[in-house]
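Survey of secondary and tertiary structure
One letter stands for each residue in the lines below.
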Amino acid sequence: MELFSDPSIWIGLLTLVILEIVLGIDNLVFIAILSEKLPPHQRDKARIIGLGLALFMRLGLLSVISWIATLTTPLINLGPLSLSGRDLILLIGGLFLIFKATTELHERMEGVTHSADGSKAYSGFVAVVAQIVVLDAVFSLDAVITAVGMVDELPVMMAAVVISIGIMLVASKPLTRFVNAHPTVIVLCLSFLLMIGFSLVAEGLGFDVPKGYLYAAIGFSILIEVFNQISSRNAKAQELRIPLRERAANKVLSLMSGARAGTAHAAQSTDLAAQPPAFAPEERIMVSGVLSLAERKVRSIMTPMSEVDWVDLNGDVEAIKLSLNDNPHSYLPVCNDSVDELVGVARAKDMLRDLMQFGAIQTTTIKRPLFVQEGTGVIALINDLRTSRGRMVIVKNEFNVMCGVVTPIDVLEAIAGEFPDEDETFTIQKSPDHENTWIASGATDVHLVQQLLDTQQLISSNDFYATLGGLLTEHHGAVPAQGTQIDIGDWRFTVLENDDDVLRKVSIERILPEPH
């Protein structure tokens, strides 16, 4: 009872508990790393057994304090170097700790964490517990020697050991969970164990290593790791703000094209860089088209009314026959006098048959058209195209005015690139005179331009323009005049022809870095 009434005993007990916890952190970390090598259902058992053995080992060593004192007597003399029993234990423990930390670090650096069949390779339970026992002996000896030097009363020493082990037992599971969930923390902890192993070897050889330096280095490293974890968490939170579809698309595109794979590809060896690409350009274009399809609106793939062929019901019959005979399109809009007076859509061959048999297009030949708004998503449009059974769909703007038409071939072109008709040419193609230069029409789909250039620098999800001319007008602030050069990302756009504020021809070339 005198011990409980002495304030100095309580202060000594509190101080010793804190020191025992500090000295036991490295033991706890090593148990966490070793238990991670076991199957999940055995980890808690190994953790409890490890800390339980540490408790009994420390209590047992405290009960033979007189024997502990004899461990400081020199046993081996190697010239000026004298090794006691304690020194030999510290040497063996330090070397074992260096060996284990080095092998664990090597496994993680080399990525040797899976067996040949692809499943997780776990260690044996007995082998892991045996390693914990060896390390418990080393760390327990250090803790017991500290207790003997701090307090004179044996009950206080034992109470401090029990309290510290109890606290570590409660904290071990969250610590183990945290360590296993953060690979960088495991590497940091292994580095600590490597450093502690060196300090044990040095202490066993008679060199005095101040613990304050070790704890200061460990504390500083933990502070840096805290900053690293905060930075990683903020980066992940920033990435989660990007829609899942866009993140998945960027990942797939980065795998298919080295141009968007980031700086990691710059570190590849020359042999790997010399290998032919795994995916052909056509495959990359199609995958890019599919992944970006959900973000596109009907306005970006439709054919504008200024480029749509249509049939005037009140026109000359012979002129209509001639037009239908030369027209490559299977369906055409049918109007009265003006394209704004839409009657419906009809198959070209059916209208030609009516004109030849009856001299006029029959009302039964003209089908009621389907309408969509220009802001409708392309994915939703696909269902409308199925309903139309192959017929074209009429596109209207926000003022309910017909502004274009869209067909299944437009969706296919949005995925796989252009399929021009007999009376059409490619709106973008490589220049025959310069290898790295493209010649495009201002009416070229800006998504197609981005796919062919294999870049992500031209458009974003917030942009509303659908053509190359709209892109250049947006960046220039007005319709660019002939000869105007506009730099966007790594590309330079030069207006070659401007006909009444309509961009007829644009040159596109990559801006090469200037030589040193």
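To start, this report covers the structure provided alongside it. Numbering of residues begins from 1 in every chain and follows the order in which that chain's sequence is written. Per-residue local features are limited, in this predicted model, to residues with pLDDT of at least 70; the limit for side-chain atom pairs, both in listing and counting, is 80 or more; totals at the level of whole chains, interfaces and linings are taken over all residues. Side-chain metrics in this entry use all non-hydrogen atoms of the structure; hydrogen atoms and water are not considered.

1. Quick word on the sheet that holds strand β12 (residues 485-488)
- Paired strands are those between which DSSP finds at least two bridges. Helix numbers and strand numbers start at the N terminus; a helix is a DSSP run of H or I with at least 4 residues, a strand a run of E with at least 2. Across the sheet, 5 strands lie side by side as β10-β11-β14-β13-β12; this open sheet has antiparallel pairing. In this open sheet, the two edge strands, each paired with only one partner strand, are β10 (428-430) and β12. Shown here is a sheet whose adjacent strand axes are inclined to one another by a mean of 25°, direction ignored.
- Here β10 pairs with strand β11 (residues 437-440) via 3 bridges, running antiparallel. Opposite Q429, over in β11, you have I439 as the bridge partner.
- The contact definition used throughout considers only heavy atoms, calling two residues in contact when any of these lie within 4.5 Å. Working convention: axes come from line fits to C-alpha atoms, limited for helices to the stretch in contact. Angles between N-to-C directions cover 0 to 180 degrees. Contacts from helix α18 (residues 468-476) reach β11, β12, β13 (491-499) and β14 (502-510) within the one sheet, and its direction differs from that of β12 by about 90°.

2. Observations concerning the packing of helix α13 (residues 317-326) against helix α14 (residues 348-357)
- Between α13 and α14, the least distance of the axes is 10 Å, while the angle of their chain directions is 145°. Crossing geometry of α13 relative to α14 is assigned as left-handed. Contacts between α13 and α14 involve V317, I320, K321, L324 and N325 from the first element and A348, M351, L352, L355 and M356 from the second.
- Note on residue categories: nonpolar means Ala, Val, Leu, Ile, Met, Phe, Trp, Tyr, Cys or Pro, charged means Asp, Glu, Lys or Arg, and polar means any other residue, Gly included. Of the residues contributing to the contact of α13 with α14, the split by class is 8 nonpolar, 1 polar and 1 charged. Handedness of a crossing is defined here by the sense of rotation of the near helix relative to the far one, left-handed for an anticlockwise turn of less than a right angle and right-handed for a clockwise turn.

3. Observations concerning a nonpolar patch on the surface
- Candidates for patches are residues over 30% relative accessible area with no salt bridge; among them, like charges are joined within 9 Å and nonpolar side chains (Val, Leu, Ile, Met, Phe, Trp, Tyr) within 5 Å. Accessible surface is estimated by sampling points in the Shrake-Rupley manner with a 1.4 Å probe; for residues, cover comes only from the protein chains shown. For this document, the term salt bridge refers to a Lys or Arg side-chain nitrogen within 4 Å of an Asp or Glu carboxyl oxygen. A surface patch of nonpolar side chains, about 630 Å² in accessible area, is lined by F220, I222, L223, I224, V226, F227 and I230.
- Along the chain, F227 turns up in helix α9 (residues 211-240).

4. Here we look at the sheet that holds strand β4 (residues 311-312)
- Spatial ordering of the open sheet is given by β4-β5-β6, a layout of 3 strands whose pairing is mixed. Pairing within the sheet leaves two strands with one partner each, and these edge strands are β4 and β6 (338-347).
- Note that strand β5 (residues 331-336) and β6 share 6 bridges and pair antiparallel. Looking at the pairing, C335 lines up with L342 of β6.
- Relative to the sheet, α14 contacts β4, β5 and β6, its axis offset from that of β6 by approximately 95°.

By themselves these figures say nothing about function.
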